[in-house]
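Listed here are the chains, written in short residue letters.
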Amino acid sequence: MNDPYKTLKAAIIRVTDETSNIKSFLLKPEKKFSFKTGQFVQFTVPGIGEAPFTPSSSHFEKDEIEITIMKAGRVTSRIHELKPKDVVGIRGPLGKGYPLEEFEGKEILILGGGVGMAPLRCLLLSLLEEKNKYGRILLLYGSKTPGDIVYAGQFADWKKRGTEIYRSVDRCDTGEWKEKKGVVTCLFEGLKLNPDNGVAVVCGPPIMMKFGTMKLLEVGYKPESIYLSMEKNMSCGIGKCGHCACGKYFACKDGPVFKYSVVKDIANIWD
Ligand SMILES: Cc1cc2nc3c(=O)[nH]c(=O)nc-3n(C[C@H](O)[C@H](O)[C@H](O)COP(=O)(O)OP(=O)(O)OC[C@H]3O[C@@H](n4cnc5c(N)ncnc54)[C@H](O)[C@@H]3O)c2cc1C
Ligand code: FES
C-alpha cells in the first residue's frame, strides 16, 4: 500500500491544448507510478496548493502519466500556466477505481460529457489494451460545441481499435458538424444494446450524469450495472476531513467510482 501522504515529484514533459479551457499534462514521475483505472491523484503545485484529478492515460503505462485539466478556479488556473520542465507533485493513487474484473465478458457502454472524458479515456485505453477480455465497447460522448470536444484527434484511433463511437454536440452554428445534435442522451436513439449482459460507466457534469443514468435505467440497465464517477469537492483525499461526504460514504475513500445501486437513495447525489 502506498503512503497516501507521500508526494512524488513529477516533471512536466508535454502540455497539449485540448480545447480553449482544457489542457493535458504528460508527467514523468521520479519513479514508476502504478494506479488502477478510475483512481485519482492529488496534483500539487508547489506554493499554490493541490487539487484532485483522475489520470487520463492507460493504467498499463507506469513511466509516464497524463492528466487532463479544465480551468475551473484558483489551482487549475495556476496549473494551466505550467510549462514543460516545470516540476509538480502527485500524491496517490487514491480511492477505488473501476472493478474491471466485473466487466469481463460484458458489453461496455461508456457515457461521457465534457472533461468527464478524462477518466473515461483512461478506462477506454485500459480496456483496449486487453480487448479480447470484453464484449462490444461503445463510447457515447457529448460536448457543448465541436470546439469543446476533448481528445478530438484521438477518436479515429479508438474506432480503428474496435470502439463503436457515437457523438453529439448541444449546438453548432456553422453547419460543419455531421454527427448528432442534442444532449448526449439523444445518442441512445436507435441503438441496439444488451443491458442484460452489459455494464455502463458514466462521467460528466452532474446534470449529464443524472439524465444519463435515468436514460440507462429506462433502456434496461440495472442499478448495479451502472458505474458513476463521483467528483465531489475534496480536500484530504483519504477519508479524514469529511469534505467529500456522500451519504454515509466518503467519495475519496469509498469512491470516486460507485455503483448507482449503492448511492441511488442519497439525497445530494447529483449536487
Ligand atoms: C476524484 C476527482 C477526479 C477529478 N478529475 C478531474 C479531471 O480529470 N479533470 C478535471 O478537469 N477535473 C477533475 N476534477 C475536478 C477538479 O478537481 C476541480 O475542478 C478542481 O479541484 C478545481 O480546483 P480549483 O482550485 O481550480 O477551483 P476552486 O477555486 O476550488 O473552485 C472553482 C469552482 O469549481 C468548483 N469545484 C471545485 N472542485 C470541484 C469538484 N471536484 N467538482 C465540481 N466542482 C468543483 C468550486 O465549487 C468552484 O465553484 C476531479 C475531481 C475529483 C474529486
Ligand atoms: S476528501 Fe477528506 S474525507 Fe474525502
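Residues numbered from 1 in each chain as written. Chains lettered and ligands numbered in written order. Predicted model: local features only at pLDDT ≥ 70, side-chain atom pairs only at ≥ 80, totals over all residues. Heavy atoms only, no water.

Trainee: Teacher, can you tell me more about the domain arrangement of the protein here?
Mentor: A common measure of how large an interface is: the accessible area buried when the components associate. Domain assignment breaks the protein into domain 1 (7–94) and domain 2 (100–229). Counting residues at the interface gives 17 residues for domain 1 and 16 residues for domain 2. Contact between domain 1 and domain 2 buries roughly 1300 Å² in total, counting both sides, with carbon and sulfur atoms accounting for 60%. Among the residues domain 1 hides against domain 2, the three largest losses belong to Thr 37, Ser 56 and Phe 60. Together they make up 34% of the total. Put simply, domain 1 and domain 2 have one salt bridge between them. In this structure, Arg 121 and Glu 66 form a salt bridge, with 3.2 Å as the shortest nitrogen-oxygen distance. Where domain 1 touches domain 2, the interface holds seven residue pairs in polar contact (both at pLDDT 80 or more). (Domains from an automatic or database assignment. Contact = heavy atoms within 4.5 Å. Buried area = accessible area lost by both parts, 1.4 Å probe. Salt bridge = Lys/Arg side-chain N within 4 Å of Asp/Glu carboxyl O. Polar contact = N/O pair within 3.5 Å; in protein donor to acceptor, adjacent residues only side chain to side chain.)

Trainee: Looking at this structure, how should I read the sheet that holds strand β1 (residues 7–19)?
Mentor: Taken in spatial order, the six strands make up an open sheet running β4-β3-β6-β1-β2-β5, and their pairing is antiparallel. Each edge of the open sheet carries a strand with a single partner, namely β4 (49–53) and β5 (65–70). Here the average twist between neighbouring strands, direction ignored, is 35°. Sheet analysis places strand β3 (residues 40–45) next to strand β6 (residues 87–94), joined by four bridges and oriented antiparallel. The partner of Thr 44 across the bridge, within β6, is Gly 89. (Pairing = 2+ DSSP bridges. Helix = DSSP H or I, 4+ residues; strand = E, 2+ residues; numbered from the N terminus. Axes fitted to C-alpha atoms, helices over the stretch in contact; angles between N-to-C directions.)

Trainee: What is the right way to look at the side chain of Thr 68 in this model?
Mentor: Mapped onto the elements of the fold, Thr 68 is located in strand β5. The exposure class assigned to Thr 68 is buried, which follows from its relative accessible area of 4%. Looking at Thr 68, its side chain comes within polar contact range of the side chain of Ser 24, at 2.8 Å. One polar contact links Thr 68 to Tyr 151, side chain to side chain, over a distance of 2.6 Å. Dropping the residues within four chain positions of it, Thr 68 is found in contact with Glu 18, Ile 22, Lys 23, Ser 24, Ser 56, Val 115, Ala 118, Val 150 and Tyr 151. (Buried < 20%, exposed > 50% of the residue type's maximum accessible area, 1.4 Å probe, protein only.)

Trainee: Sorry if this is basic, but what is going on with the pattern of salt bridges here?
Mentor: Side chains bearing opposite charge may pair, as long as their charged atoms lie close to each other. Taken as a whole and assessed by the stated rule, the structure comprises 16 salt bridges. Arg 91 is the salt-bridge partner of Glu 50, the closest N and O atoms lying 2.7 Å from each other. Highlighted residues: Glu 50 in strand β4 and Arg 91 in strand β6, separated in sequence by 41 residues. With relative accessibility at 7%, the residue Arg 91 sits in the buried group.

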